[in-house]
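Working through the structure, step by step
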Amino acid sequence: MSRKHENAWGAPVPGEDEPLDDRDVAVLERLGRAVRDVDPVPEGLVERSLFAMTLARLESEVMELQQIVAPAGSVRGDAPPLEARTITFTHERLTVMIALSADDDGTHVRLDGWVAPADTLAVELRQPGGERTTTADADGRFAFTAVDRGPSSLLVRLPGGGDVTVSTPVIEL
């Protein structure tokens, strides 16, 4: 038999082993609404957290960011500034170079990449909104079009069987 406790007003308080009743559920729902109104979850936090956890679960080797080259932008009339940058990632077994350029309206990015040594490798683009996969051609070239801006990482599956992967650090597109 479970022993009931009393609150400050002498009313019985159910023990830990007793099930919640309708009043308990109603109080918890009101508390939940109050917390959401006062301190809502920041927009995109769930997606960014899931993305970070997915990357953490990968048992891959991480490449090193080697260099970033950002050419000066140009503005002519009402045209948006020219945006392009090249990033190189190095690893003892592989080098990946990517060139990023904004699309015409600036909402997405085109990612052109090259792997060296050249090989037909599976290349996966990982973002909070999901993954996309392509295959580098025999010259090591690959591309992703209409890529959403935001945190991104590339995962390259190395040849030789097995599930050996190399991942770039997360970068902001």
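The model shown is predicted, which means the values in this text are computed figures rather than measured ones. (Residues numbered from 1 in each chain as written. Predicted model: local features only at pLDDT ≥ 70, side-chain atom pairs only at ≥ 80, totals over all residues. Heavy atoms only, no water.)

Topic: the overall build of the chain
For clarity, the cut-off: Labels follow the DSSP assignment, with helices taken as runs of H or I lasting at least four residues and strands as runs of E lasting at least two, numbered in each case from the N terminus. Burial classes follow relative accessibility: with a 1.4 Å probe on protein chains only, a residue under 20% of its type's maximum area counts as buried, one over 50% as exposed, and anything between as partly exposed. Contacts were defined at the residue level, with two residues in contact if any of their heavy atoms lie within 4.5 Å. Reported accessibility uses the Shrake-Rupley method at a 1.4 Å probe radius. Residues are deemed covered only where the shown protein chains occlude them.
Helices and strands together make up the secondary structure of the chain, namely two helices and 13 strands. Each of the 173 residues in the chain was classed as buried or not, and the buried ones make up 25%. Across the chain, the fraction of contacts at a sequence separation of at least 24, relative to all contacts at a separation of at least 6, is 44%. As presented, the chain carries roughly 11,800 Å² of accessible surface, and 54% of it is formed by carbon and sulfur atoms.

Notes on the packing of aromatic side chains
For clarity, the cut-off: Stacked, tilted and edge-to-face are the three classes assigned to paired rings of Phe, Tyr and Trp, where Trp is represented by its six-membered ring and a pair needs centres within 6.5 Å; plane angles under 30 degrees give stacked, over 60 edge-to-face, the rest tilted.
Tallied over the entire structure, the rule returns one aromatic pair. Judged by centre distance (6.2 Å) and plane angle (70°), the ring pair of F142 and F144 falls under edge-to-face.

Observations concerning the confidence of the model for the chain
Our working definition: The pLDDT value expresses, per residue, how confident the predictor is, ranging between 0 and 100.
With 76% of its residues at a pLDDT of at least 70, the chain reaches an overall mean of 79. Of all the helices and strands in the chain, strand 4 (residues 64-69) carries the lowest mean pLDDT, 55, while strand 10 (residues 141-148) carries the highest, 95. Across residues 72-77 the pLDDT falls below 50, and counting only partners more than four positions away or on other chains, this stretch makes five contacts in the model.

Description of the nonpolar core
Note the threshold: Residues enter a nonpolar core if they are buried and are Ala, Val, Leu, Ile, Met, Phe, Trp, Tyr or Cys, with the set joined through side-chain atoms within 4.5 Å.
Judged by nonpolar contacts, the single largest core of 22 residues is most densely connected at V96, I98, F142, F144 and L154. Examining the composition of this core, we find that four residues originate from one element, strand 6 (residues 94-102), more than from any other. Excluding its chain neighbours within four sequence positions, the residues that come into contact with F144 are V109, R110, L111, V123, E124, L125, R132, T133, T134 and L154.

Some words on a nonpolar patch on the surface
Stated formally: Patches draw on residues past 30% relative accessible area with no salt bridge. Two like charges within 9 Å are joined, as are two nonpolar side chains (Val, Leu, Ile, Met, Phe, Trp, Tyr) within 5 Å. Salt bridges, as used here, are contacts in which a Lys or Arg side-chain nitrogen is within 4 Å of a carboxyl oxygen on Asp or Glu.
Together, L20, V25, L28, L31 and V35 give the surface a local cluster of nonpolar side chains, amounting to about 460 Å² of exposed area. Note on placement: V25 falls in helix 1 (residues 22-38).

Let's talk about unusual backbone geometry
Here the bond from A116 into P117 is cis, since omega is 0°, no more than 30 degrees from zero. Tracing the sequence through the fold places P117 in the loop between strand 7 (108-116) and strand 8 (122-127). One non-glycine residue with positive phi stands out, namely A146, at about 50°. By secondary structure assignment, the location of A146 is in strand 10.

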